[in-house]
Amino acid sequence: MQLSAVLSFVALVASVTPVAVADTVVDFLTMRQDGCNLYCDPLNAARIYCHGYSICLCGGPVAALVYACGTCKFQNDTTQYAAVQQEMDRYSADCAAQNFPVSALPIPACSVPATA
C-alpha cells in the first residue's frame, strides 16, 4: 500500500474523538532505524497524522506499518527479537484496551534466530 493511501486513511479517521494509544511503541520502533527507513518512516508519518487518535493508530493501515517496521527492525538485528515482539504485543494490547482491537502481530517463527 502506498504511503499516500495510508495517509489518506489516517486523515479520514483522525476527525474522531481522541483517545491515546501509547506512543512508546512507535517511538521504540522508529528510533535508530538501522536500515529500516523505508518501513519505519511511513509509520512515524502516520503517527503524526493520527494526532494520538486510537481509531487511527489502531487502524489496519497503521497496524500494517507497525508490523512491517517491527519485522524489519528484527531482521536487521536478530538480538532484538524479544524487545520487538514485546512492543508488538504492547501495541495490540493498547489498541484492545481502547476498544480498537488489532490482531496479534507475531514475528514469523521462521524469522526467529536458531539457538545453538
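Residues numbered from 1 in each chain as written. Predicted model: local features only at pLDDT ≥ 70, side-chain atom pairs only at ≥ 80, totals over all residues. Heavy atoms only, no water.

Participant: Can you break down the overall build of the protein chain residue by residue, with the values?
Facilitator: Check the secondary structure of the protein chain and you find six helices and zero strands. Listing each helix as α and each strand as β along the protein chain from the N terminus yields α-α-α-α-α-α. Within the protein chain, the proportion of its 116 residues that are buried is 41%. Look at the contacts in the protein chain between residues 6 or more apart in sequence, and 68% of them connect residues 24 or more apart. Taken as a whole, the protein chain presents about 6,200 Å² of accessible surface, with 59% of it coming from carbon and sulfur. (Helix = DSSP H or I, 4+ residues; strand = E, 2+ residues; numbered from the N terminus. Buried < 20%, exposed > 50% of the residue type's maximum accessible area, 1.4 Å probe, protein only. Contact = heavy atoms within 4.5 Å. Areas by Shrake-Rupley, 256 points an atom, 1.4 Å probe, with all protein chains shown as cover.)

Participant: An account of the pattern of salt bridges is needed here, citing residue identities and associated values.
Facilitator: In total, this model carries one salt bridge according to the counting rule given. Its salt-bridge partner being Arg90, residue Glu87 comes within 3.6 Å of it at the nearest N-O pair. On the criterion of helical spacing, the pair formed by Glu87 and Arg90 is a turn pair, its members being three residues apart in helix H6 (residues 81–97). (Salt bridge = Lys/Arg side-chain N within 4 Å of Asp/Glu carboxyl O.)

Participant: Any details on the nonpolar core? Residues and values, ideally.
Facilitator: Within the largest apolar cluster, 27 residues are counted, with the highest numbers of intra-cluster contacts made by Leu29, Leu43, Val62, Val66, Tyr91 and Val102. Only helix H2 (24–30), helix H3 (37–50), helix H4 (54–57), helix H5 (60–76) and H6 provide two or more residues apiece to this core. The greatest single-element share of this core, amounting to seven residues, is contributed by H5. (Core = buried A, V, L, I, M, F, W, Y, C linked by side-chain atoms within 4.5 Å.)

Participant: With reference to specific residues and values, describe the packing of aromatic side chains.
Facilitator: The way to describe two aromatic rings as a pair is by their centre distance and the angle between their planes. Enumeration according to the criterion identifies one aromatic pair in this entry. For the pair Phe74 and Tyr81, a centre-to-centre distance of 5.4 Å together with 70° between the ring planes defines the contact as edge-to-face. Look at Tyr81 and you get partly exposed, because its relative accessible area is 25%. (Phe/Tyr/Trp six-rings, centres within 6.5 Å; stacked < 30°, edge-to-face > 60°.)

Participant: Describe H3, and please don't skip the residues or the numbers.
Facilitator: In this model, H3 (14 residues) spans 19 Å end to end at C-alpha, consistent with the 20 Å of a helix rising 1.5 Å per residue. Looking only at H3, the buried set comprises Cys40, Pro42, Leu43, Ala46, Arg47 and Cys50. Across the axial projection of H3, the buried residues extend over an arc of 160°, all falling on one side. Away from its buried face by more than 90 degrees, H3 exposes Leu38 and Ile48. Immediately downstream of H3, the backbone of His51 shows phi near 55°, a positive value. (Expected span 1.5 Å × (residues − 1). Arc of directions from axis to C-beta.)

Participant: Tell me about the state of the cysteines, and name the residues and values.
Facilitator: Enumeration according to the criterion identifies four disulfides in this entry. Paired by a disulfide, Cys50 and Cys56 hold their sulfur atoms 2.1 Å apart. Its torsion about the S-S bond being -65°, the disulfide of Cys50 and Cys56 is classed as left-handed. Assessed through its relative accessible area of 0%, Cys50 is described here as buried. Here Cys56 falls in the buried class, since its relative accessible area comes to 0%. What connects to what in the protein chain, once the bonded cysteines are numbered by sequence position, is 1-7, 2-6, 3-4, 5-8. (Disulfide = S-S within 2.5 Å.)

Interpretation note: all reported values are geometric properties and have no functional meaning in isolation.
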